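Observations on chain architecture
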Amino acid sequence: MVLLSLMAISLIFATFVEATFNTDVVQFYVYQSWWFGLIYGLLAVNIFCAAAIRYPWKRYQTGFVITHIGLLMLLLSGAISRSKGIDAQVHVWEHDSSELAFDNSYYFDLRVDNDTKTIPMAIADAGEAERHMIEFQPGMFNWSSYDDGFSKWKVAEPELARWFTPVFYISMRNRAGNVMYNQDGVKLEVLDYYADCNWWDNTPTVQLMMSMPKTTERAEDGTMKAVGEQWIPIRLSVFKATQQPKYKFGIGDSQRSGGGNMTFHMAGSRAATEAFLKCVPEEGSIGESGQAILYVGGKTTVIDVKEQLEKDPQPIEGSKLKYQVKAYYPTAQLDQVDGQEFAWVEVPEAEGAEPRNPTVVIDILDGDQKVDQLTLLANMPQMNMQGFASDVFGHFWYDYGEKSTEELMRGGEGGSRIDLIQGVVEGTSDPDNPGAKRVYYRYWNRKKVVASGELKDDATEVDAVEAFKMPFATLRMYVKSLVAASEPKAQPVPVAFGVSGPMGNTPAVKVRLTVDDKSEVFWLRAHMNEPDVGLDDGSTLHTLKVGDREVKLSMPIKSYPIGFRIHLDQFERRLDPGTSQPSHYSSDVQYLDRQHDRYIMASLVGSDKIEHMDIAEARNPVSLGMAGTMLYWIDDSDSGQKILVKDLSKPDEPASELTTRTGKNPRNLVVDTTGNKLWWLAKQPSRLARSDVDVLMEADMVGGSPKAVAMFDRAPRGLAVDSAGGWAYFGNPAGKSVGRVKTDGSEMEANWLAGTGLVADVALYPAKKRLYFTDVLNNAIGQSSLDEPRVSYVYTYSKDGHPNSLVVSDKGLLYWSDDTPNGLDPNARKQLGDPSLDRSKPQEINTVIRVLDLEGKDKEPKTLHTDLLSKPDGLAIDPASGDLLFTQTALLKRDVWITMNAPDDFTEPAGGRDLRIFQESFEGPYLAGTPQYREFVPERSNDSEVYKSVFSVNYDPGTALRYWGCLFVIGGIACMFYMRAYFFKTKRSSDPQARAKAHPAKIQTEVVS
């Protein structure tokens, strides 16, 4: 009874947790917790013992035993579902496919290479380095939330949610300080974790809001109306300069806005901050070559660059150090010395030209010994090289003289500028403490600094200060946010639970990685992709090298293939009228083979049956050819473009590569058994054309180096080779003709057969010396004699069609593919709600392969079709059997419609798992030209508006056992009621006469006794 009560309380608690948070939270902190598993297991033991202690069972206990067996089956099914089930998400872009499912859990991928001298890890095989997958279960909340009482939760009932915190705390698996790995001198510790964060690749980063002047705009009625003050965001960051000691605190940022330039950099100390504020010139004091001001020990030293250039060293106020102006460059640019350290070098300019980037180089001396050097830029203070070794800081100013308003508005040099820094607050004892960081500014109006001081963080429009003064308005600005940092680095900013929503989380973990005697502390962002795809060093990947040892660490999300690919043809979203909220969204998808883009198919001669040829090496076959039992094909897969060959008489032997030097976009393979050659079309770079050109390629059937035989002016389509006659025929779409070229490339007739329309493919019938072609323009199949070229048609479509590839067998059978899309299926699930469709009519099938007997009397072709026929192409004939071979999309299920309330059930081909695919959510639309489009949308997408659909894939292996358990429980209870003796035992009567009537034999025995 106690266990049942605990289980009931746990389930009630879980219900409240899921209602307050989400499914992931209740799964982690309740259903997958150690204490719930303990209650679950004890309850199972209790049920088993309750039945076992009554053994041997009596007949009237049959229903009792069956019921308890059913309860145990139910508990076992839950354990199986928990350990073996799948509940993950597949993210698919429109017109793209994906097979990876992600669940909301992560692990550490630790790779250790103990000898990088042998081969770099970056190019080594996966087996060259030790690889350790370390389980990591941090939970659903930021670890800091456990310390602050979850005060920043964004949930519907925050007060109720705080009562859950003790249970959440005891349910944690990993905590700060846990050592996740410690072997062979490599130690990994976790220090902190953010379940969600805003990741900044470059910090410190400041986001400003700059006002724009009031203006007017035209209203809908044509009148002009006033528009109030507008605010635009400006984001500036500091970038890390790796192995650049002169840029110890990174390279700053700049952006033009309003009436001038905005710059931003960081000061690593209070002294550098004071130098920024105090090293300012007095109006009219700047010399011809500018004025430099140094700051040491609270005092400034003003330097007239022209006067001090190449003079003897001069003392620096407040210090025993001296300075010497080493060089002045009217225009300078950044260069690398010996390809390593940065240095500013002079750029020669015409005499009298206006300086474009005035720069001064100042040496710092201690006695006669040079101890440091400063490089200061007048127009780009964010690029200054300060004297960090000597604690000497400086700034350089240049007066460009008077300029017209037009010159200033055009930009260029000499305009106003607002400089900002992340500085250190006065009086702090720890300059690296983020709480000691502030934003300071100074406004340079071309002659003097007219304003400077501290800017408030997290400010509003009320806190705005004056910025650029323009002829028609004075702009204002304020600091919206500052992401502070003690040094330039990538870092996360925590986000409270519930702010980003269920699909927007970006986890990050802070770790300490120790290799031998070297230790580094850093943040690592979760990698939302396959473990080896798209890792970003410094963000999702960290590398630590000590001597010859190299250790790489990442934190990928757990991912696994679902056994097939989901291809998203189209995503549809409908909005509630007058709102931006979706009322309905759905996805039109197809299921594709996970390892093959296209299949090789075969149709036996004289049969309507089409079979898939299972050839593992045929990843993406695009064109086929046969010679005896040898099957040749062009394979255009991710691993490269190549020609492969397989002996079909030896199905157990793998295919072999014939050549990988196919050229770009190889297609239209022709197997010439007479000349023992392979021919195909491809592209190759041309020095004359300075681009890729189409060529005719040739290679031996047994291998060897392929070569280009002929070059085409326009892209040909289709290829047929008559080796006996010495000609290769091709479609010429540009000339609406069929052309031919000598097989040795010596002669070409681009318009040998004119008036053919738009030719897609050509084929030869050698026995009749005829050529056949598909004409897409006229929806017809044409022909011509090889001896007397003249166009005639053997078949013309009575309706729209799209004839594509074709081939002729030795028996005079003409095959061609038609990839016209099939008509609308009125009985498809998506169309069931459309009352305008006539469901008594079958779906119109247009994607077929047509067969016409050239020697027969019937002029109407027969059709070959299967339910999964999709984009057939690359037709070829087996010369020995006359069977037809072709390629098609590796389709497993077509025309699948998945919406919010209508999931799809599909059995995985390889493992046989029964999966259910739900429409969970979506992202987008992402519009072309926007930063989000560039960041998220795959580069191969050419659509102006793209969505990403998120599917939930569910697999519950305990379902069958659960059904049987329910059946046993129901049957057991029914059995107990049927055998009334268990519930309604006959009461023992004290009346002897009644007992004698009910049990006469028993009473007689008692009397005798």
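Please read these numbers as outputs of a predicted model, since none were measured by experiment.

This part covers the domain arrangement of the protein chain. The domains assigned to the protein chain are domain 1 (33–85) and domain 2 (598–608 + 618–889). For domain 1 and domain 2, the distance between their C-alpha centroids amounts to 64 Å.

Here the distance between the centres and the angle between the planes together describe a pair of aromatic rings. Tallying each qualifying case throughout the model produces 41 aromatic pairs. With a centroid separation of 6.2 Å and 80° between ring planes, the pair formed by Trp-35 and Phe-36 is classed as edge-to-face. When sorted by exposure, Trp-35 lands in the same class as Phe-36, which is buried. With a centroid separation of 5.8 Å and an interplanar angle of 50°, the aromatic rings of Trp-143 and Tyr-193 are classed as tilted. Of this pair, Trp-143 sits in helix α5 (residues 143–147) while Tyr-193 sits in strand β5 (residues 186–194), and the two are 50 residues apart along the sequence.

A separate point is the pairing of strand β44 (residues 717–722). Burial of β44 is extensive: 5 of the 6 residues sit out of reach of the surface. In terms of strand pairing, β44 meets strand β45 (residues 727–732) through 5 bridges, oriented antiparallel. Counted as the bridge partner of Leu-719 is Phe-730 from β45. Linking two consecutive strands that pair antiparallel, namely β44 and β45, is a turn of 4 residues; a positive phi of about 80° is found at Gly-726 within it.

Helix α12 (residues 959–978) packs onto helix α4 (residues 62–84) with a crossing angle of 165° between their chain directions and a minimal axis gap of 7 Å. With respect to their mutual orientation, α4 and α12 come out roughly antiparallel. The two elements α4 and α12 cross, and the hand of that crossing is left-handed. Taken together, the residues of the contact of α4 with α12 break down into 16 nonpolar, 10 polar and 1 charged.

This paragraph deals with helix α2 (residues 23–31). When α2 is considered as a whole, its buried residues turn out to be Val-25, Val-26, Phe-28, Tyr-29 and Val-30. In this structure, the buried residues of α2 make contact with α1 (2–20), α3 (34–52), α5 and α7 (165–170). N-capping of α2 is provided by Asn-22, with a side-chain oxygen placed 3.1 Å from the backbone N of Asp-24.

Cut-offs used in this document
- Residues numbered from 1 in each chain as written.
- Predicted model: local features only at pLDDT ≥ 70, side-chain atom pairs only at ≥ 80, totals over all residues.
- Heavy atoms only, no water.
- Domains from an automatic or database assignment.
- Phe/Tyr/Trp six-rings, centres within 6.5 Å; stacked < 30°, edge-to-face > 60°.
- Buried < 20%, exposed > 50% of the residue type's maximum accessible area, 1.4 Å probe, protein only.
- Helix = DSSP H or I, 4+ residues; strand = E, 2+ residues; numbered from the N terminus.
- Pairing = 2+ DSSP bridges.
- Axes fitted to C-alpha atoms, helices over the stretch in contact; angles between N-to-C directions.
- Parallel < 35°, antiparallel > 145°, perpendicular 65-115°, else oblique.
- Left-handed = near helix turned anticlockwise from the far one by under 90°.
- Nonpolar A, V, L, I, M, F, W, Y, C, P; charged D, E, K, R; others polar.
- Contact = heavy atoms within 4.5 Å.
- Polar contact = N/O pair within 3.5 Å; in protein donor to acceptor, adjacent residues only side chain to side chain.

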